[in-house]
Amino acid sequence: MLIALIVVAVLAVGLVIMLLLTRSSAAEFRALAERRESALLAERDSLKETRTQLGRELSAARNEVEQRTRELARQTAEVRRLDGEIVKARTVAGEQTARIESQSSEISALVADNNALQQRAEAAEAAQKEAEEATAAAEARNARVVIGDVATVDGAHPETLWNLEVTRSERTWRNSVAVDPSAPTGPFEATDDPVRLAVEIEAAALRENVGAFITIDWQAAPVDDPARRHLIVRVAQEMLEAAARNPEPLRLVATGDDDVRLELQPIEADDTVVTVPAPRFATDLVDVRTETGLSVTVKAD
């Protein structure tokens, strides 16, 4: 019986020890499990945060991809539109080039026709001028007068020569100066200084026909005597013809009351001396000076 009690006591002690060991191990395992659970929970929270961040980044990436896709589509459409514009521009450029070439050909033909007409007009003008000069010379010979070469003498008919000069000047006005060549009245009907008007018409015709850079500054008093009128106009014509070949712009200045002085001056106020060929006048009524430029004085006596 005692032995049985001892055995029971031993078993009870063993069970107590096992129970204590089991409780200690359970506590350690529980603590380990709790620590593991805490670590797993912290890792889970970290993974959730990482997943959330990755979700945001993925959403941003998708938005950027969509934006870039839309931008690519817009740029593709713009490229197509620009390609269409380039094609249209090339087509228009080709048409304009063809029109320009056609217009250039037409302009060349018109220029050639204009040059031919200009030459014919110049030839006709020269022939007409020669005929008038021949008529005037014949009239002058009959009256013993040669304007520009020989002074007038008694018995001349200066009115006839002056009227011929006015007729020639009015024809020049209609052919080269007038806006309406078919106007019923000419400029000489309303002027109080026909000498000035004739010289201004001559200068305007030279500007129009040959592109001469000539202007008139007329300060001389009106002239009444037909012979002096004719002589002054012819002298001015010769000076203008000489000035027309000068490449620099010139001004013909007329001054004086009795003696009329005609002088070619540069447009710009400087020390330039006008060097143009001096016309020859075989008469004592015309005084030519070239010391400081071309200056011609038509004397009253």
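Described below are features of the structure shown in this document. Given the structure is predicted, the values throughout are model-derived calculations rather than measurements.

## Let's talk about the overall build of the protein chain
A count of helical and extended segments in the protein chain gives four helices and five strands. Starting at the N terminus, the α and β elements of the protein chain follow one another as α-α-α-β-α-β-β-β-β. Sorting the 301 residues of the protein chain into buried and exposed places 26% on the buried side. Sequence-distant contacts in the protein chain: of pairs separated by 6 or more residues, those separated by 24 or more amount to 58%. Carbon and sulfur atoms make up 56% of the accessible area of the protein chain, which totals about 20,400 Å².

## Brief notes about the packing of helix α2 (residues 158-177) against helix α3 (residues 194-210)
The contact between α2 and α3 brings their axes to 9 Å, and the two run at 35°. For α2 against α3, the interelement crossing comes out left-handed. Residues W162, R168, S169, T172, W173, S176 and V177 of α2 form the contact with α3, whose participating residues are P194, V195, A198, I201, E202, A204, A205, E208 and N209. Residue classes in the contact of α2 with α3 are distributed as nine nonpolar, four polar and three charged.

## Looking at α2
Between the first and last C-alpha of α2 there are 27 Å, a value that for 20 residues agrees with the 28 Å anticipated at 1.5 Å per step. All of the buried residues in α2 are P158, L161, W162, E165, V166, R168, S169, T172, W173, R174 and S176.

## Topic: helix α4 (residues 226-244)
Between its terminal C-alpha atoms α4 stretches 27 Å, which fits the 27 Å expected from 19 residues at 1.5 Å a residue. Counting buried positions along α4 yields 16 of 19 residues, so the element is predominantly enclosed.

## With respect to the pairing of strand β1 (residues 214-218)
Pairing of β1 with strand β2 (residues 250-255), which is carried by five bridges, proceeds in the parallel orientation. Pairing of T215 across the sheet is with R251, part of β2. Running through α4, the crossover from β1 to the neighbouring parallel element β2 is left-handed.

## Points about the side chain of S176
Looking at the element boundaries, S176 is found in helix α2. Here the side chain of S176 touches N209 through a polar contact of 3.1 Å, side chain to side chain.

## Regarding the pattern of salt bridges
Enumeration according to the criterion identifies ten salt bridges in this entry. Here E78 and R81 are joined by a salt bridge, their closest N and O atoms 2.5 Å apart. One end of the pair, E78, and the other, R81, are both in helix α1 (residues 2-143), three residues apart, so they sit about a helical turn from each other. On the basis of relative accessible area, E78 is assigned to the partly exposed category, the value being 30%. For the salt bridge of E263 with R261, the shortest nitrogen-to-oxygen distance reads 3.6 Å. For R261, a relative accessible area of 36% corresponds to the partly exposed category. Here the salt bridges do not stand alone but share partners, grouping E165, R168 and E202 into one network.

## A look at the sheet that holds β1
Pairing in this open sheet of five strands is mixed, and the strands run β1-β2-β3-β5-β4 from one edge to the other. Two strands close off the open sheet at either side, each with one partner strand: β1 and β4 (286-289). Ignoring strand direction, the axes of neighbouring strands in this sheet form an average angle of 15°. Packed onto the sheet, α3 meets β1 and β2 and runs at close to 165° relative to β1. The sheet contacts of α4 involve β1, β2, β3 (260-266), β4 and β5 (295-298), and relative to β3 the element is tilted by about 15°.

## Observations regarding the side chain of E202
With respect to the secondary-structure elements, E202 resides in helix α3. Once residues within four sequence positions are removed from consideration, E202 is found in contact with R168, Q237, L240 and E241.

## Remarks on the nonpolar core
Core analysis: the largest hydrophobic core is formed by 39 residues, its most contacted members being I214, W218, V235, M239, L252, L262 and L264. Elements represented by at least two residues in this core include exactly α2, α3, β1, α4, β2, β3 and β5. Sorting elements by how many residues they give to this core places α4 first, with nine residues. Excluding its chain neighbours within four sequence positions, the residues that come into contact with W218 are D193, V195, R196, V199, I232, A254 and L262.

## Notes on the pairing of β3
In terms of burial, β3 is a largely internal element, five of the seven residues being buried. Where β2 meets β3, six bridges bridge the pair, whose relative direction is antiparallel. Its bridge partner lying in β3, L250 is registered against P266. Count of turn residues in the β2/β3 antiparallel hairpin: four residues, of which G256 carries a positive phi of about 115°. Examined bridge by bridge, β3 and β5 share four bridges and lie antiparallel to one another. The partner of V260 across the bridge, within β5, is V298.

Definitions and limits used
Residues numbered from 1 in each chain as written. Predicted model: local features only at pLDDT ≥ 70, side-chain atom pairs only at ≥ 80, totals over all residues. Heavy atoms only, no water. Helix = DSSP H or I, 4+ residues; strand = E, 2+ residues; numbered from the N terminus. Buried < 20%, exposed > 50% of the residue type's maximum accessible area, 1.4 Å probe, protein only. Contact = heavy atoms within 4.5 Å. Areas by Shrake-Rupley, 256 points an atom, 1.4 Å probe, with all protein chains shown as cover. Axes fitted to C-alpha atoms, helices over the stretch in contact; angles between N-to-C directions. Left-handed = near helix turned anticlockwise from the far one by under 90°. Nonpolar A, V, L, I, M, F, W, Y, C, P; charged D, E, K, R; others polar. Expected span 1.5 Å × (residues − 1). Pairing = 2+ DSSP bridges. Right-handed = clockwise from strand over helix to strand, strands pointing away. Polar contact = N/O pair within 3.5 Å; in protein donor to acceptor, adjacent residues only side chain to side chain. Salt bridge = Lys/Arg side-chain N within 4 Å of Asp/Glu carboxyl O. Core = buried A, V, L, I, M, F, W, Y, C linked by side-chain atoms within 4.5 Å.

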